[in-house]
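Spelled out, the chains give:
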Amino acid sequence: MSIFTDIQFNIRLEQYTFCHYQLNIDDKKIKLTFPQLLQLRNKIKQHTTPENLEHIIQNDNYVLLFIADKKHLEFLEVPKLLDLKEEIECCFYSY
């Protein structure tokens, strides 16, 4: 029995095939290829540097992020941005 059975995660990244992934943010499902996932990882790393996070918090407290070759626009507040970073990093560390 898992301790996480009653917890609803808002951000989840799942691998379906070798190079195809699905990113779930709240109720939205976004299909990604591996190059798109790498691009998203790079964007997230840029936004979550300590200097950029401080700037985001002092100004707007959110980020508008284009995902999957500008097919999807996501409004991410700082906690969701950090959750997305953690989820992507876990995906890459599992290999």
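Just so you know, these numbers come straight off a predicted model, no measurement behind them.

Parameters and conventions
Residues numbered from 1 in each chain as written. Predicted model: local features only at pLDDT ≥ 70, side-chain atom pairs only at ≥ 80, totals over all residues. Heavy atoms only, no water. Core = buried A, V, L, I, M, F, W, Y, C linked by side-chain atoms within 4.5 Å. Buried < 20%, exposed > 50% of the residue type's maximum accessible area, 1.4 Å probe, protein only. Helix = DSSP H or I, 4+ residues; strand = E, 2+ residues; numbered from the N terminus. Contact = heavy atoms within 4.5 Å. Pairing = 2+ DSSP bridges.

Visitor: Got a minute to help me understand the nonpolar core in this structure?
Guide: What tends to happen in soluble globular proteins is that the nonpolar side chains get buried as a cluster. Counting residues in hydrophobic clusters, the biggest one holds 23 residues, and the most contacted among them are Leu-13, Leu-23, Leu-32, Leu-40, Leu-65, Ile-67 and Leu-84. Every element with two or more residues in this core is listed here: β1 (11–17), β2 (20–25), β3 (28–33), α1 (34–47), α2 (50–58), β4 (62–67) and α3 (78–93). For this core, the element with the most residues is α3, which contributes 6 residues. In this structure Leu-13 touches Tyr-21, Gln-22, Leu-23, Leu-32, Leu-37, Glu-87, Ile-88 and Cys-91, once residues within four positions along its chain are discounted.

Visitor: Is there a simple way to think about unusual backbone geometry in this case?
Guide: With glycine set apart, most residues show a phi of negative sign, and most peptide bonds adopt trans. The phi angle at Ala-68 is positive, at roughly 60°, despite the residue not being glycine. Take Ala-68: it is sitting in the loop between β4 and β5 (72–77). On the basis of relative accessibility, which here comes to 5%, the residue Ala-68 falls in the buried class.

Visitor: Even after reading the chapter, I still don't get the pairing of β2, so can you show me in this structure?
Guide: Counted residue by residue, β2 has 5 buried out of 6 residues, so it is predominantly covered. In this sheet, β2 lies alongside β1 in antiparallel orientation, the contact comprising 6 bridges. Within β2, the position partnered with Glu-14 by the bridge is Gln-22. Count of turn residues in the β1/β2 antiparallel hairpin: 2 residues. When β2 meets β3, the two strands line up antiparallel, connected through 6 bridges. Following the sheet pairing, Asn-24 is matched in β3 by Lys-29.

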